[in-house]
Amino acid sequence: MTRLIGLGLLLVGLLYPFAVYFGMEHFAPWQFGLLLGSLWLARALLGKGGPGSRWMAATAIVFSVLLALFDSPLLLRWYPVLISAFMLGLFALSLKYGPPMVERLARLREPQLPAKAVVYTRQVTVAWSVFFLCNGLLAAALTLWAPLSWWMLYTGLISYGLMGLLFAIEWLIRQRVRGRP
């Protein structure tokens, strides 16, 4: 059930900009808040996350409640900013309290990382932190000053393309660092 809720949150996150853009004619902002809040509440109650997972769920639930109470179309557009802030928090705080997020992920495949790889994974975690900071700032600027269509285009397509590009660039660099052609 926990995986199903996680998948639901992932799908909502991916489709959210399109749902807002195309669904505003059919649904009120409070309904979006109800859906988001329900998914995050289910994750908080059924998930076995640590403190980071709990504060993310609590923040998302508060956002959802505010969205439902104020029924504001503008407030709808802040959800991608919130998600970028969550990701920035996870990656940046892992740099401070360690181990860095990318090192944790790398150790899932290779538990005994060499010292060179530990340094590299820290640098990649910094790169992702910078990405999420810039992504969140751009999404916030689009929320405040751009038409809904621009916001949807960036938060629904361009930002995911940039993430894919960052993944690809990092993968190429990793191959060179490992000494592979």
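These numbers were taken from a predicted model, which means no experiment stands behind them.

So, the nonpolar core
Item 1. Ranked by internal contacts, the top residues of the largest apolar core, which has 23 residues, are Tyr16, Leu36, Trp40, Leu67 and Tyr79.
Item 2. Those elements giving two or more residues to this core turn out to be helix H1 (2-23), helix H2 (29-46), helix H3 (51-70), helix H5 (79-97) and helix H8 (148-177).
Item 3. When near neighbours in sequence (up to four residues on either side) are disregarded, Leu67 contacts Tyr16, Pro29, Trp30, Phe32, Gly33, Leu36, Ser72, Leu75 and Leu76.
Item 4. Judged by nonpolar contacts, the second largest core, of nine residues, contains Phe91, Val124, Phe131 and Phe132.

Points about the packing of helix H7 (residues 115-145) against H8
Item 1. Running from N to C, H7 and H8 point in directions that differ by 165°, and their axes come no closer than 11 Å. What the angle tells us is that H7 and H8 run roughly antiparallel. Like other packed secondary-structure pairs, H7 and H8 cross with a definite hand, here right-handed.
Item 2. Residues that form the contact of H7 with H8 fall into these classes: 17 nonpolar, four polar and three charged.

Section: a nonpolar patch on the surface
Item 1. Nonpolar side chains collect at one region of the surface, where Leu153, Leu157, Ile158, Leu162, Leu165, Ile169, Ile173 and Val177 lie side by side and expose about 640 Å² of accessible area between them.
Item 2. You can see Val177 is positioned in helix H8.
Item 3. Looking at Val177, the relative accessible area reads 31%, which means it is partly exposed.

Remarks on the layout of surface pockets
Item 1. Empty space within the largest pocket amounts to approximately 1600 Å³.
Item 2. Put simply, the parts of the chain that give the lining of the largest pocket at least two residues each are H1, H2, H5, helix H6 (101-109), H7 and H8.
Item 3. In the lining of the largest pocket, the residues fall into 34 nonpolar, eight polar and eight charged.

Quick word on the UniProt feature "transmembrane region" (unreviewed entry) in the protein chain
Item 1. The positions that UniProt labels "transmembrane region" (unreviewed entry) are, in the present scheme, residues 29-46, 53-70, 76-98, 119-145 and 151-173.
Item 2. Each end of residues 29-46 is marked by a C-alpha atom, and these two atoms are 26 Å apart; helix forms 100% of the span and strand 0%.
Item 3. In the segment residues 119-145, helix accounts for 100% and strand for 0%; the C-alpha atoms at its two ends are 39 Å apart.

Some words on the environment of Leu142
Item 1. Tracing the chain through its elements places Leu142 in helix H7.
Item 2. Along the chain, Leu142 and Gln31 lie 111 residues apart, while their C-alpha atoms are 23 Å from each other.
Item 3. If near-sequence neighbours (up to four positions away) are discounted, Leu142 is found in contact with Arg77, Trp150, Trp151 and Tyr154.

Definitions and limits used
- Residues numbered from 1 in each chain as written.
- Predicted model: local features only at pLDDT ≥ 70, side-chain atom pairs only at ≥ 80, totals over all residues.
- Heavy atoms only, no water.
- Core = buried A, V, L, I, M, F, W, Y, C linked by side-chain atoms within 4.5 Å.
- Buried < 20%, exposed > 50% of the residue type's maximum accessible area, 1.4 Å probe, protein only.
- Helix = DSSP H or I, 4+ residues; strand = E, 2+ residues; numbered from the N terminus.
- Contact = heavy atoms within 4.5 Å.
- Axes fitted to C-alpha atoms, helices over the stretch in contact; angles between N-to-C directions.
- Parallel < 35°, antiparallel > 145°, perpendicular 65-115°, else oblique.
- Left-handed = near helix turned anticlockwise from the far one by under 90°.
- Nonpolar A, V, L, I, M, F, W, Y, C, P; charged D, E, K, R; others polar.
- Patch = residues over 30% accessible without salt bridge, like charges linked within 9 Å, V, L, I, M, F, W, Y side chains within 5 Å.
- Areas by Shrake-Rupley, 256 points an atom, 1.4 Å probe, with all protein chains shown as cover.
- Salt bridge = Lys/Arg side-chain N within 4 Å of Asp/Glu carboxyl O.
- 1 Å grid on protein atoms, 1.4 Å probe; cavity = no way out; pocket = protein on both sides within 12 Å on 5 of 7 lines; lining within 4 Å.
- Points joined across faces, edges and corners; volume = space filled by probe spheres on them.
- UniProt positions renumbered as here; feature names shortened; annotations may be inferred.

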